[in-house]
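# Structural overview for review
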Amino acid sequence: MLRVGSAVACMACRNLVSPNMGVRFRMPLQKLHPLSRAIYHRYNASVTPPHRLAARHFTSMSRLPMQPPKPPPGGHGGWRYQQHRNFWMFRLASRLLKLRYILLGSAVGGGYTAKKTYEEWKDMLPDMDEYNWVIPDFFWEMSKQIDLDKLTKMLPELVEIAKFLPELPDLDKIGENFTFLKSILFTGVGSKGASGQRFLLAEAPGDSPVKSATDATVTATPEASGKQFRKSSDKEKVDQLQEELLRTQVKYQRMLERLERENKDLRKVVLQKDEKGIHQRKVKKSLIDMYSEVLDILSDFDSNYNTQDHLPRVVVVGDQSAGKTSVLEMIAQARIFPRGSGEMMTRSPVKVTLSEGPHHVAMFKDSSREFDLGKEEDLAALRHEIELRMRKSVKEGQTVSPETISLSVKGPGIQRMVLVDLPGVISTVTAGMAADTKETIFSISKNYMQNPNAIILCIQDGSVDAERSIVTDLVSQMDPQGKRTIFVLTKVDLAEKNLASPNRIQQIVEGKLFPMKALGYFAVVTGKGSAGESIDSIKDYEEDFFQNSRLLRDGMLKAHQVTTKNLSLAVSDCFWKMVRESVEQQADAFKASRFNLETEWKNNYPRLRELDRNELFEKAKNEILDEVISLSQVTPKHWEAILEKKLWERVSIHVIENIYLPAAQTMNSGTFNTTVDIKLKQWTDKQLPHKALEVAWETLQEEFARFMAEYKGKDQDDIFDKLKEAVKDESIKRHKWNETAMDSLRVIQHNTLEDRSITDKPQWDAAIQFMEETLQARLKDTDSVINDMAGPYWKQRWMSWTSRSPEQHICNETKKELERLLKLHEDHTAYLANDEVTTVRKNLEGRGVEVDPVLIKDTWHQLYRRHFLQKALHHCNLCRRGFYYYQRQFVDSELECNDVVLFWRIQRMLLITANTLRQQLINTEVRRLEKNVKEVLEDFGEDNERKVHLITGRRVQLAEDLKKVREIQEKLEAFIEALHEEK
């Protein structure tokens, strides 16, 4: 027995560390003693422990040949102890100088040197902290609850494995292999990502690959173990451990998915209880909903101060048909988007707000309808609604639109984030597309990606050649450093099947093939390409593919780089990290913008309230309704005067030209009255009622326009002029005059015109005055026409320095000739005979004037008209005293005033018609117009685009910006406060 310190080790234990073994690792005797005793000390309490030679006889680790035990001293066959001599110093020196102690010291020094070299290599590795987001958060949470160091210590040491080997191979190489694998599987490189991988293996140490290999080694016989290690190369050992690692990862990944499903069901129950009010507490609005509201306001924010929207969002870009929509549907866990085969389906940006909720539902921001995503009919209706909104947003002559469609999706287990699905990038404009479609798509994509806080989710089709990619160049331009880009390779199943060299996939996910950089690279499978596949079937297909894929088995893809589940977790973590880093800075930017806008308002509009477009519309609406009500306050006298005047202006030409003048040219009063009665009857039956209604409708329009445009004082705001004009035009356009009263109006007019009895002198005088004013107006118009035909007189020529044209000179000579004819025959008829025309033409030719017969007739018509009107005015003055003869019915051929009676009948018809129309206006049409105005205002109030077009100006824009900036700032502050509370 040898005493080392306070511990005692047997002779067999000392033989285990014999220098003949060639073991370089330090093995304390205290540790080997229990193992040695458990294996070799087969004795009972009554038997004396064997000495060193017996231990060497049964030691399998020794390379020396077995020596038989020395015979006991003495001849009696019993065990005896030799008598010790006093040469203890020589014995101690000989033991200290033995070779095994020198080797043991060398092993200690070599271990220290190896440890120092390992630390140097570890420091040379890059820092992987920037890629921590790649590993989902639940890995870190579970790793905190498990003591990884304790599990690591449970693994067997190399020396314990080596002592069972009859012939040790090159232990230097084996040691290096074990150290390399152990650093990968357990210790990592100091990064969080390596810790996530370590967690997958350390969760169940009993099933770890290293322990499994150890157990296999222990149970096997020493001879078989030696043969196995000699046959298998180091690479095969590493491959076996990698396969075992993959199986372990898949096993625990399934366990995690099962736990997630249970957690999802439990959260759904809790959320349903909160929704039903079982817990009597007020549920606050979720963070993602608060953030989405801010983005919705910013989508309508158009400031002249160039206040840019730099709030984070996940922008999904990719080539057309690369699988962008499919990836979004996998993240949203529902087939919510319209689908097409090779056709452009995404025609405008779609903002999808994902959040957690008890039920899987979807809703548009401007609608209260909820679509149950668990029902196929609701899914079909949602896809149809999205397609309709896209087509509606696209203007005529365009293919895509920059208008954003906002949609929110809630459901159990959905990761919270805001994504924007953009139209797919194309390389060629095909038939049916607008010529600028390609440029428009690039412009929309750049507008979203140039946001420095936007997460760019770059989708690349893995089934096509990498050289055909367009979006990668665009992304590399917008984010050259790749600090906010996540690369997603879709259709990996087709890529593995079609590609002759799978190493290209590895180059893509390692960022070595495309000229772009990214935070992380993911490979996903979004189904087999069938439109009828469900989300669950796609998930199962994706899991089965990666489980059996040689890309993952051969180490080309890492476990955390595959499946849309890991992708959604990584994108959500990156999104919220960006939100937390930038939201306060954006809140300060909007605060500064608010200060600038308020300063401009105070300087330019100090005495006006800050009314936005909606508030200004309500103010204008009240003013318009007040003006329409004022229309009903117009006095009947005013209505009748306007109607009578306008009606006479409309019918006066017909009365003079078609009734009065033809009848007045007759030779006796009987013929005059008969002609007048016939023509008045025809006029009343066919034209007069329609003319009267047209006049009434035009009068109503003019009065309405006059009230709309009338200046109301200093409070009048010219910003409403465009709106009032549009309301007036639209109201008049919608208003239809009630023509049911036309028949009664015709009867009234007919009865009025048949009455010829003038009852008193004032009516007679009024008729004469009306006739005289009418004839004078016509005479004035006739003189004007004649002057235009004949040209200026000598006085006008000298005073105004004007002259006659050749045509006017001919017309003037013709006028003079016809005036001489008319002077000779004052009672001439209205028309010239042919011989008279010839005579006039020859007289003019005698003076050297060539004239056309048509010009002679036209000139005669105007001259005779003036002559007749002058005679009629003279006769009208004579009839002023003819009421006595009319009343007594005296027959005096020299004083027949039938024309006065005609004008009295016309005047009375105008008065009664104006009165009838006034009653219809006040009682019916004004009220109907008020109703139309209210309907137009309501329609305008619901049409925001029309309001923007009608209420414009810097003042309106400034008030709008102020309101939105304040609202954004308030919501951002509330969001930041809630974000800090959650943190």
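Going by an unreviewed UniProt entry, the chain carries the name Dynamin-like GTPase OPA1, mitochondrial and comes from Oncorhynchus tshawytscha. One UniProt comment on the chain, placed under Subunit (unreviewed entry), says "Oligomeric complex consisting of membrane-bound and soluble forms of OPA1." Word for word, the UniProt comment on the chain under Catalytic activity (unreviewed entry) is "GTP + H2O = GDP + phosphate + H(+)".

Right, let's get into the overall build of the chain. For the chain, the count of helices and strands is 38 helices and 11 strands. Relative to its 983 residues, the chain shows a buried fraction of 44%. In the chain, the share of contacts with a sequence separation of at least 24, taken over all contacts with a separation of at least 6, comes to 79%. Working note: accessible area of the chain is about 54800 Å², and carbon and sulfur atoms make up 51% of it.

The subject of this paragraph is the side chain of R347. With respect to the secondary-structure elements, R347 resides in the loop between α15 (324-332) and β4 (350-356). Within the structure, R347 has its side chain in polar contact with the backbone oxygen of T399 (distance 3.4 Å). Among all residues touching R347, those that are not within four sequence positions of it are M390, R391, V394, T399, V400, S401 and P423.

Summed over all chains, the structure comprises 15 aromatic pairs. When the ring of Y660 is compared with that of F868, the centres are 5.9 Å apart and the planes differ by 55°; the resulting orientation is tilted. One end of the pair, Y660, is in helix α25 (residues 636-664); the other, F868, is in helix α34 (residues 853-878), and 208 residues separate them in sequence. According to the relative accessible area criterion, Y660 is buried, its value standing at 1%. Using a relative accessible area of 12% as the deciding quantity, one classes F868 as buried. Taken together through their ring pairs, the aromatic side chains of W648, Y660, F770, F868 and F903 make up a single cluster. One cation-aromatic arrangement involves R389 over F364; the distance from NZ or CZ to the ring centre is 4.0 Å. Of note, K947 hangs over the ring of F617, and the distance from its end group to the ring centre comes to 5.5 Å.

Relative to the elements of secondary structure, R866 occurs in helix α34. We classify R866 as buried; its relative accessible area is 17%.

For the rest of this paragraph, the subject is the sheet that holds strand β9 (residues 455-461). Pairing is mixed across the open sheet formed by nine strands, whose spatial order is β6-β5-β7-β4-β8-β3-β9-β10-β11. Both edges of this open sheet fall to β6 (371-372) and β11 (520-523), since each of them pairs with a single strand only. Looking at chain direction, β9 and strand β10 (residues 485-490) are connected through six bridges and run parallel. Paired with L457 across the bridge in β10 is I486. Helix-sheet contacts for helix α18 (residues 471-478) involve β3 (314-318), β9 and β10, and the interaxial angle to β9 is about 160°.

We now examine the pattern of salt bridges. Scanning all chains against the criterion turns up 46 salt bridges. Residues D783 and R866 are paired through a salt bridge, measuring 3.8 Å at the closest nitrogen-oxygen approach. One end of the pair, D783, is in helix α30 (residues 761-790); the other, R866, is in helix α34, with 83 residues separating them in the sequence. The exposure class assigned to D783 is partly exposed, which follows from its relative accessible area of 26%. With its nearest N and O atoms 3.7 Å apart, the salt bridge here joins D827 to K871. Here D827 is found in the loop between α32 (806-824) and α33 (834-846), whereas its partner K871 is found in helix α34, with 44 residues between them in sequence. Ionic contacts of the salt-bridge type, sharing partners, join the residues R594, E598, E610 and R966 into one network.

A few words now on the environment of V314. On the secondary structure map, V314 appears in strand β3. Residue classification places V314 among the buried residues on the basis of a relative accessible area of 0%. The sequence separation of V314 and M417 amounts to 103 residues, and the corresponding C-alpha distance is 7.6 Å. Look past the residues within four positions of V314 in its chain and what remains in contact with it is V418, L419, V420, I455, L457, V571 and F575.

Quick notes on the rules
- Residues numbered from 1 in each chain as written.
- Predicted model: local features only at pLDDT ≥ 70, side-chain atom pairs only at ≥ 80, totals over all residues.
- Heavy atoms only, no water.
- UniProt positions renumbered as here; feature names shortened; annotations may be inferred.
- Helix = DSSP H or I, 4+ residues; strand = E, 2+ residues; numbered from the N terminus.
- Buried < 20%, exposed > 50% of the residue type's maximum accessible area, 1.4 Å probe, protein only.
- Contact = heavy atoms within 4.5 Å.
- Areas by Shrake-Rupley, 256 points an atom, 1.4 Å probe, with all protein chains shown as cover.
- Polar contact = N/O pair within 3.5 Å; in protein donor to acceptor, adjacent residues only side chain to side chain.
- Phe/Tyr/Trp six-rings, centres within 6.5 Å; stacked < 30°, edge-to-face > 60°.
- Lys NZ or Arg CZ within 6 Å of the ring centre and 35° of its normal.
- Pairing = 2+ DSSP bridges.
- Axes fitted to C-alpha atoms, helices over the stretch in contact; angles between N-to-C directions.
- Salt bridge = Lys/Arg side-chain N within 4 Å of Asp/Glu carboxyl O.

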